[in-house]
Amino acid sequence: MAREATAESTVSHDAAAPSSGPRRAATVMVQAWPPGSRQSADDVTRHAFRPGRAAGTRRRAAVHPRVRRDQERPRIRSAALLEVAMSLKTKTAVVTGSTSGIGLAIARAFAAEGANVVINGFGKADDIEAARSAIEAEYGVRAHYSNADMSKPAEIETMINEADKAFGSVDVLVNNAGIQFVSAIEEFPAEKWEQIVAINLSSAFYAMKAVIPGMKARGWGRIINTASAHSLVASPFKSAYVAAKHGIAGLTKTAALELATHKITVNCISPGYVWTPLVEAQIPDTMRVRGLTKEQVINDVMLKGQPTKEFVTVDQVAALAVFLCSDGASQMTGANLSMDGGWTAQ
Ligand SMILES: NC(=O)c1ccc[n+]([C@@H]2O[C@H](COP(=O)([O-])OP(=O)(O)OC[C@H]3O[C@@H](n4cnc5c(N)ncnc54)[C@H](O)[C@@H]3O)[C@@H](O)[C@H]2O)c1
């Protein structure tokens, strides 16, 4: 009931203020251009958002002489949004579990916004080096690789210390490393339980412990935990994963409250099924446990509960992570943000 009430109040707030935020900017910009003009509203929006252009320069040249002063205001808003997008320049982000899948997409998206990044995780050395050097070459930032094992607290601390030494700060931490194992509880290997809890949950605690003093000292920080729809609902045969993901949602809230007055936000993103190596790898086990074909696992298990009937993409998750680092998200903290094609709305 509490969640329903929150959702309703969000909707009615939107309905009461339909002109708030960027939507109003777009509407007014359409009005500001006189009918018959060859410059479309899209052109105006593109100019307003073009990176690297000094705020106001284009505005003066582009605004039609008949535009009224109050109609110009949304363009100033657009310039503010541009600053939001640029806010990762000069920052350093550590993304755990970023040699593939969601983590790699987040690291690349941060680099695209100008952040130096530390990538972490396992894989073939050549593939990891290719991913690391591509980030530097494509985005003109520095990218380091740490082979720290997220199940080992001492290695997590070393990774953060090395990042701090190399770049001078760790401003953004994304606790993303994760593994999965599918089995009935009575057959679930104890060591798999321990490993999943260590990598998917405890690693976030140790990484936070290591970055928080520096973030507090600098008075700015962003911590993002990759949770899951399984932080809100359960599925059978995923006991350790579901327990760890519910745990990380709780850890997120606690950290958010502890850090609320330090300009450090802590949020988690909860994707539904995202097509990554982690998801692909659980298909054979699910086929075995449930006696299904690959197609049945994809359509009748994975996408069954995802009303859009589509996988989330890694780039969509990365875009939300970038937004959470922006000034626009500075009052968002302790949130568990679903991106699950409607899965947990049911
Ligand atoms: N793919 C999905 O559908 C989905 C949905 C919800 C949540 N998630 C979560 O997203 C996160 C990333 O998953 P993904 O789907 O991109 O999977 P992935 O397998 O592509 O990536 C997992 C990453 O974690 C790294 N990793 C694994 N064990 C590690 C360890 N001990 N130390 C350091 N790094 C380690 C891997 O090397 C890899 O870089 C996980 O936390 C996962 O639970 C995924």
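About the criteria used
- Residues numbered from 1 in each chain as written.
- Predicted model: local features only at pLDDT ≥ 70, side-chain atom pairs only at ≥ 80, totals over all residues.
- UniProt positions renumbered as here; feature names shortened; annotations may be inferred.
- Helix = DSSP H or I, 4+ residues; strand = E, 2+ residues; numbered from the N terminus.
- Buried ≥ 20, exposed ≤ 12 C-beta atoms within 10 Å, placed from the backbone.
- Contact = placed C-beta atoms within 7 Å.
- Pairing = 2+ DSSP bridges.
- Right-handed = clockwise from strand over helix to strand, strands pointing away.
- Near = placed C-beta within 6 Å.
- Nonpolar A, V, L, I, M, F, W, Y, C, P; charged D, E, K, R; others polar.
- Core = buried A, V, L, I, M, F, W, Y, C linked by C-beta atoms within 7 Å.
- Axes fitted to C-alpha atoms, helices over the stretch in contact; angles between N-to-C directions.
- Parallel < 35°, antiparallel > 145°, perpendicular 65-115°, else oblique.
- Left-handed = near helix turned anticlockwise from the far one by under 90°.
- Expected span 1.5 Å × (residues − 1).
- Arc of directions from axis to C-beta.

An unreviewed UniProt entry annotates the chain as 3-hydroxybutyrate dehydrogenase originating from Methylobacterium aerolatum. In UniProt, the chain has this text filed under Sequence similarities (unreviewed entry): "Belongs to the short-chain dehydrogenases/reductases (SDR) family."

Could you give an account of the overall build of the chain, naming the residues involved and the relevant values?
For the chain, the count of helices and strands is 13 helices and seven strands. The buried share of the chain, taken over its 346 residues, is 36%. Considering only intrachain contacts with a sequence separation of at least 6, the fraction spanning at least 24 residues in the chain is 72%.

Tell me what's going on with the pairing of strand β2 (residues 116–120), and back it up with residues and numbers.
Burial within β2 is extensive, with five of its five residues counted as buried. Bridge count between strand β1 (residues 92–95) and β2: four bridges; the pairing is parallel. Along β2, the bridge assignment pairs Ala93 with Val117. With helix α6 (residues 101–112) bridging β1 and its parallel neighbour β2, the resulting β-α-β unit is right-handed. Sheet analysis places β2 next to strand β3 (residues 143–146), joined by four bridges and oriented parallel. Residue pairing in the sheet places Ile119 in a bridge with Tyr145 of β3.

Before we move on, can you summarise the site of the ligand with the specific residues and values?
Near the ligand, the surroundings consist of 29 residues, among which Gly97, Gly101, Gly121, Gly178 and Leu278 are the closest. Residue classes in the shell around the ligand are distributed as 12 nonpolar, 16 polar and one charged.

Describe the nonpolar core, listing the residues and the values that go with them.
Core analysis: the largest hydrophobic core is formed by 69 residues, its most contacted members being Ile106, Phe110, Val117, Val317 and Ala321. Top contributing element to this core by residue count: helix α9 (residues 190–218), with 11 residues. Among all residues touching Val117, those that are not within four sequence positions of it are Ala93, Val95, Ala107, Phe110, Ala111, Ile135, Val141 and Ala143.

I'd love a proper account of the pairing of strand β5 (residues 221–226), names of residues and values included.
Most of β5 is tucked away, with six of its six residues classed as buried. Along β5, one buried face is formed by Gly221, Ile223 and Asn225 and the opposite face, lined by Arg222, Ile224 and Thr226, is buried too. In this structure, strand β4 (residues 172–175) lies alongside β5, joined through four bridges in parallel fashion. When the bridges of β5 are listed, Asn175 appears paired with Asn225. Where β5 meets strand β6 (residues 264–271), six bridges bridge the pair, whose relative direction is parallel.

Describe the packing of α6 against helix α13 (residues 314–325), listing the residues and the values that go with them.
Here α6 crosses α13 at 50°, and the two axes come no closer than 8 Å. Here α13 runs oblique to α6, going by the angle between their axes. Crossing of α6 over α13 shows right-handed handedness. Counted together, Gly101, Ile102, Ala105, Ile106, Ala109 and Phe110 of α6 and Val314, Asp315, Val317, Ala318, Ala319, Ala321 and Val322 of α13 form the full contact between these two elements. Here the contact of α6 with α13 is built from residues that sort into 11 nonpolar, one polar and one charged.

Break down α13 for me, citing the residues and quoting the values.
Under the 1.5 Å per step criterion, the end-to-end length of α13 is 17 Å for 12 residues, consistent within 8% with the ideal 16 Å. Those residues of α13 not exposed but buried are Val314, Val317, Ala318, Ala321, Val322, Leu324 and Cys325. For α13, the arc enclosing every buried residue in end-on projection is 160°, short of the 170-degree limit, so these residues lie on one face.

Tell me about helix α11 (residues 277–290), residues and numbers included.
In this model, α11 (14 residues) spans 20 Å end to end at C-alpha, consistent with the 20 Å of a helix rising 1.5 Å per residue. Just past α11, the residue Gly291 takes up positive phi, approximately 65°.

Account for the sheet that holds β4, naming residues and giving values.
An order of β3-β2-β1-β4-β5-β6-β7 is seen for the seven strands of this open sheet, with the pairing classed as parallel. A strand with exactly one partner marks an edge of an open sheet, and here the two such strands are β3 and β7 (336–339). In this sheet, adjacent strand axes meet at a mean angle of 20° when their direction is disregarded. Across the face of the sheet, α13 comes into contact with β4, β5, β6 and β7 while running at roughly 165° to β6.

Requested: an account of the environment of Pro153, with residues and values cited.
Examined against the element boundaries, Pro153 turns out to sit in helix α8 (residues 153–167). As for Pro153 and Ala204, which are separated by 51 residues in sequence, their C-alpha atoms are 9.8 Å apart.

Explain the packing of α9 against helix α10 (residues 239–259) residue by residue, including any values.
Helix-helix packing is characterised by the crossing angle of the two axes and by the distance between the axes. At a minimum axis separation of 9 Å, α9 and α10 run at an interaxial angle of 15°. The orientation of α9 relative to α10 falls into the category roughly parallel. The way α9 lies across α10 gives a crossing that is right-handed. Facing α9, whose interface residues are Lys192, Trp193, Ile196, Val197, Asn200, Leu201, Ala204, Phe205, Met208 and Ile212, α10 presents Ala240, Tyr241, Ala244, Lys245, Gly247, Ile248, Leu251, Ala255 and Leu259. The residue makeup of the contact of α9 with α10, split by class, is 15 nonpolar, two polar and two charged.

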